[in-house]
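Here is how the chains run, residue by residue.
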Amino acid sequence: MLAQTAGATVVALMATDAWQRTREGVVALWRRVRPVQADEVGAALEETREEILVLRCEGDSAGAEDLERDWRRRLRRLLEADPSVAEDLEEVLAQARASLPEDERPPVPTVHMQVQASGHARVYQAGRDQHIVER
């Protein structure tokens, strides 16, 4: 769940004055978990920023969604490698958002799940992986 919202937030912050702070924080997390990849991630963040700025000027929301999907995947892998960075990632993004004037802050993506069951139905919901073993 965090990887989804973080991916969207990182990409949204790319088009703001909080970008440098966001970039530094994300690269620092990579340097801690996967130091060999940190410089590559920094370059990928810059490349994605250039792309998102062009896509936003063109009004290409599908292209922006592709970039968000890419960063969700990268962040998910980072969190899987070291779940302890989750709080730090949340803090990096919260500080970056807070550094912007309120009317310029990108919205924090939310996930809303709703279900209705009846009878003997079973409902399983998850924000991510779910492993169910029934006997």
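Parameters at a glance
- Residues numbered from 1 in each chain as written.
- Predicted model: local features only at pLDDT ≥ 70, side-chain atom pairs only at ≥ 80, totals over all residues.
- Heavy atoms only, no water.
- Patch = residues over 30% accessible without salt bridge, like charges linked within 9 Å, V, L, I, M, F, W, Y side chains within 5 Å.
- Areas by Shrake-Rupley, 256 points an atom, 1.4 Å probe, with all protein chains shown as cover.
- Salt bridge = Lys/Arg side-chain N within 4 Å of Asp/Glu carboxyl O.
- Lys, Arg positive; Asp, Glu negative; His and termini not counted.
- Charge placed at Lys NZ, Arg CZ, Asp CG, Glu CD.
- Helix = DSSP H or I, 4+ residues; strand = E, 2+ residues; numbered from the N terminus.
- Buried < 20%, exposed > 50% of the residue type's maximum accessible area, 1.4 Å probe, protein only.
- Core = buried A, V, L, I, M, F, W, Y, C linked by side-chain atoms within 4.5 Å.
- Contact = heavy atoms within 4.5 Å.
- Polar contact = N/O pair within 3.5 Å; in protein donor to acceptor, adjacent residues only side chain to side chain.
- Phe/Tyr/Trp six-rings, centres within 6.5 Å; stacked < 30°, edge-to-face > 60°.
- Lys NZ or Arg CZ within 6 Å of the ring centre and 35° of its normal.
- Axes fitted to C-alpha atoms, helices over the stretch in contact; angles between N-to-C directions.
- Parallel < 35°, antiparallel > 145°, perpendicular 65-115°, else oblique.
- Left-handed = near helix turned anticlockwise from the far one by under 90°.
- Nonpolar A, V, L, I, M, F, W, Y, C, P; charged D, E, K, R; others polar.

Chemist: Quick rundown of a negative patch on the surface? Include the residues and the values.
Modeler: A contiguous patch of negative charge, built from Asp17, Glu102, Asp103 and Glu104, is present on the exposed surface. Position of Glu104 among the secondary structure elements: in the segment after helix H5 (86-98). Residue class for Glu104 comes out partly exposed when judged on its relative accessible area of 41%.

Chemist: So what's going on with the nonpolar core? Residues and values would help.
Modeler: Counting residues in each nonpolar core, the largest one holds 32 residues, and the members touching the most others are Val10, Met14, Trp30, Leu45, Trp71, Leu75 and Leu89. Those elements that place two or more of their residues in this core are helix H1 (2-13), helix H2 (19-33), helix H3 (38-58), helix H4 (61-81) and H5.

Chemist: Explain the environment of Val11 residue by residue, including any values.
Modeler: Relative to the helices and strands, Val11 is located in helix H1. In this structure the C-alpha to C-alpha distance between Val11 and Ile52, which are 41 residues apart in sequence, comes to 7.4 Å.

Chemist: Tell me about the environment of Arg31, and please be specific about residues and values.
Modeler: Locating Arg31 in the fold gives a position in helix H2. Looking at Arg31, the relative accessible area reads 41%, which means it is partly exposed. Linking Arg31 and Gly42, residues eleven residues apart in sequence, is a C-alpha distance of 10.0 Å. Filtering out sequence-adjacent residues up to four positions away, Arg31 remains in contact with Ala38 and Asp39. Looking at Arg31, its side chain comes within polar contact range of the side chain of Asp39, at 3.4 Å.

Chemist: If you had to explain the packing of aromatic side chains to someone new, which residues and values would you point to?
Modeler: Summed over all chains, the structure comprises one aromatic pair. Taken together, a centroid distance of 6.3 Å and an interplanar angle of 90° make the contact between Trp30 and Trp71 edge-to-face. In this pair, Trp30 is assigned in helix H2 and Trp71 in helix H4, connecting sequence segments 41 residues apart. Comparing Trp30 with Trp71 shows no difference in burial state: the two are buried. When the ring centre of Trp71 is taken as reference, the NZ or CZ atom of Arg74 above it lies at 4.5 Å.

Chemist: Describe the packing of H3 against H4, with residues and values.
Modeler: Interhelical geometry of H3 versus H4 gives an angle of 160° and a closest axis separation of 9 Å. It follows from the interaxial angle that H3 and H4 lie roughly antiparallel. For the pair H3 and H4, the sense of crossing is left-handed. Seen from H3, the contacting residues are Val41, Ala44, Leu45, Thr48, Glu51, Ile52 and Leu55; seen from H4, they are Gly63, Ala64, Leu67, Trp71 and Arg74. Considering only residue class, the contact of H3 with H4 consists of eight nonpolar, two polar and two charged.

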